[in-house]
Amino acid sequence: MKRRNFLKACLIGGATITLGKTNKGWASGSFEGYPDAMGVLVDTTRCIGCRSCEAACNKEQGLPEPDTSFDDKSVFEEPRRPTAKAYTVVNEYEKKAPGGPVYRKMQCNHCNEPACLTSCFVNAYTKTKEGAVIYNSKVCVGCRNCMIACPFNVPGYDYESVTNPIVKKCILCYDTRLKVGRPPACVDICPQEALTFGHRADLIKMAHERIRATPDRYYDHVYGEKEVGGTSWLYLARTDFEKVGFDTTLNNEPIISNVKEFLGMVPMVLSIWPALFSGIHLLSKKEQHDEEGHDTESTQEDR
Amino acid sequence: MPSYKHLIFGALILGAISVSYPAAAPCAPVPDSVTLNQSGKQFKPFSFNHAKHIQLIRECSDCHHHTTGTLVLDPNCARCHQNSSATAVVSCKGCHSATPFSPETIAAKAAQKQSYHLDMMGLKGAMHHNCIGCHSKRGAGPVGCQDCHPRSKQGDAFYSAARKGAKPAHAKEH
């Protein structure tokens, strides 16, 4: 076989394999979560803002002592977000509403298709079959792409350790509880049962049933059922979710769909382009050489 | 960590009722006083004055909803329970599980998917909703945590009570 034919065959073969794979990736449908994944339904109409969940999380996860007591209601003056020292926070909304203020617990929502996982190039994140999105600090290189990718602004960065800074967020008490089927610490402590633990699929039915049975109590939407492809944490509220601190601009498409096409191109560009261009380069050189020399017949073929 | 597990366990059976009713008695004795939160660790057990509540309210079904006293009135419940009679067990824990989210309870729920009452509150939630709900509606009776059950030393540590009044700087962190 002539060298140029060999190169041609390599190029065509390589392109077919790579493109074939990529197309399959593009065509794959959305992942709707593991069938037995667990979740938590947060009924914000039941929450009284006692912050017990924050205390339970702090003790269960061995987090540093808080800046102020968990009894302190002055923290509600400003909206907070989860940090490396507090994986969950409760915020107060609608402070002057006739029905009283609305409290909303925030933590990692444990997406079905987590953007943090997608954005992580060292695979530090894992979506477990129980539904938790967990994080492996051993492989994390501290790039903080996950913090930018998260549509809910959840992961916190622990700057305390200079040598090994790590990303920290709620892991649904995976190591200590979820793995053995027990509910997370926040669910166990909640005095109002504002948090309901169960199979995600059952919780969705339960949430819609609560809306159906008491329509005056709820705004007709289950936040997290469809947002960004669905999350393990689901929410019910009495008003439009926008008014109680939820981002209602998020699409139902998982974040990965926005970057799937681009990410699908990366292997093609990285693997094909070098071979393609060096091939073209070699061929053109060869052609020049041929034109100068003898083998005119096959040069015409090439054209 | 073991002490914390106890705390959680205690919290779960918060509101466990001390009086045990004879199993098949047609008419259970009505207790004057019930010790609630018996195994509470963060919050101490306390005595609930049942007799006083009977005097004040007079209608058993206000708290014991459809199990005793005036039976079903709620139109939503009446669809099925119009002709239901009073139940043998009327204590809260008779129906409301002390461990509503344990693997066993969740497995049991999964086994009876047809059941209408799958979304039944656990014991702790049911008692808090029942007591605080009524107290706030009537504008009478305690509604604060420690108004009913004073907090233990363990509970103070759990809620980092010693740090009360320290700078609330959460909002500035990232």
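Residues numbered from 1 in each chain as written. Chains lettered and ligands numbered in written order. Predicted model: local features only at pLDDT ≥ 70, side-chain atom pairs only at ≥ 80, totals over all residues. Heavy atoms only, no water.

1. Description of the sheet that holds strand 9 (residues 233–236) of chain A
Residues and elements named next belong to chain A. The strand order across the open sheet formed by three strands is 8-1-9, and the pairing between neighbours is mixed. Each edge of the open sheet carries a strand with a single partner, namely strand 8 (195–199) and strand 9. Going across the sheet, the axis of each strand differs from the next one's by a mean of 25°, ignoring polarity. In this structure, strand 1 (residues 38–43) lies alongside strand 8, joined through five bridges in antiparallel fashion. By the bridge assignment, V40 is partnered in strand 8 with F197. Those strands touched by helix 6 (residues 200–213) are strand 1, strand 8 and strand 9, and its axis lies near 130° from that of strand 8. (Pairing = 2+ DSSP bridges. Helix = DSSP H or I, 4+ residues; strand = E, 2+ residues; numbered from the N terminus. Axes fitted to C-alpha atoms, helices over the stretch in contact; angles between N-to-C directions. Contact = heavy atoms within 4.5 Å.)

2. Some thoughts on the environment of A:V42
Residues and elements named next belong to chain A. Inspection of the secondary structure puts V42 in strand 1. A sequence separation of 147 residues divides V42 from I189, and the C-alpha atoms of the two residues are 14 Å apart. Non-local contacts of V42, meaning those with residues more than four positions away in its chain, are made with A194, L195, W233, L234, Y235 and L236.

3. Considering the interface of chain A and chain B
Taken together, the contacts link 50 residues of chain A with 42 residues of chain B. Roughly 3900 Å² of surface becomes buried between chain A and chain B when both sides are summed, with 53% attributable to carbon and sulfur atoms. In this assembly, chain A and chain B are joined by three salt bridges. Among the ionic pairs, A:D202 bridges to B:K113, the shortest N-O distance being 3.2 Å. Where chain A meets chain B, there are 17 residue pairs in polar contact (both at pLDDT 80 or more). Those elements that place two or more of their residues in the side of chain A that touches chain B are helix 2 (52–60), helix 5 (185–189), strand 8 and helix 6 of chain A. (Buried area = accessible area lost by both parts, 1.4 Å probe. Salt bridge = Lys/Arg side-chain N within 4 Å of Asp/Glu carboxyl O. Polar contact = N/O pair within 3.5 Å; in protein donor to acceptor, adjacent residues only side chain to side chain.)

4. Regarding the nonpolar core
In this structure, A:F152, A:L195, A:F197 and A:W233 are the most contacted members of the largest nonpolar core, which totals 42 residues. The dominant element in this core, judged by the number of residues it contributes, is strand 1 of chain A, at three residues. Once residues lying within four places of it in the same chain are set aside, the contact partners of A:F197 are A:M38, A:G39, A:V40, A:L178, A:G181, A:R182, A:P183, A:P184, A:V187, A:L203, B:F101 and B:I106. By size, the runner-up hydrophobic cluster in this structure holds 12 residues, among which are A:C116, A:Y125, A:V133 and A:V167. (Core = buried A, V, L, I, M, F, W, Y, C linked by side-chain atoms within 4.5 Å. Buried < 20%, exposed > 50% of the residue type's maximum accessible area, 1.4 Å probe, protein only.)

5. Details of the confidence of the model for chain B
Regions with low pLDDT should not have their predicted coordinates read in detail. Residue and element names in this part refer to chain B. Taken residue by residue, chain B gives an average pLDDT of 81. The fraction at 70 or more is 79%. Low pLDDT, under 50, characterises residues 10–26; the predicted model gives this stretch 44 contacts beyond four residues in sequence or across chains. In the model, residues 170–174 has pLDDT below 50 throughout and makes 16 contacts with residues more than four positions away in sequence or in other chains. Interface predicted TM-score (ipTM) for the complex: 0.78; the corresponding pTM is 0.78. (pLDDT = per-residue confidence, 0-100.)

6. Description of the side chain of A:R51
Residue and element names in this part refer to chain A. Along the chain, the position of R51 falls in the loop between strand 1 and helix 2. Since its relative accessible area comes to 0%, R51 is described here as buried. Within the structure, R51 has its side chain in polar contact with the side chain of E54 (distance 2.9 Å).

7. Observations concerning unusual backbone geometry
All names here are of chain A. One non-glycine residue, R51, adopts positive backbone phi at about 65°. Positive phi, normally seen in glycine, also occurs at N123, with a value near 55°. Within the secondary structure layout, N123 lies in the loop between helix 3 (115–119) and strand 4 (125–127). Here N123 falls in the exposed class, since its relative accessible area comes to 57%.

8. Considering the pattern of salt bridges
Residues and elements named next belong to chain A. For the coordinates displayed, the defined rule picks out 15 salt bridges over all chains. The salt bridge partner of E54 is R80, with a shortest N-O separation of 2.7 Å. One end of the pair, E54, is in helix 2; the other, R80, is in the loop between helix 2 and strand 2 (89–93), and 26 residues separate them in sequence. In this structure E54 comes out as buried when scored by relative accessible area, which is 3%. The exposure class assigned to R80 is buried, which follows from its relative accessible area of 4%.

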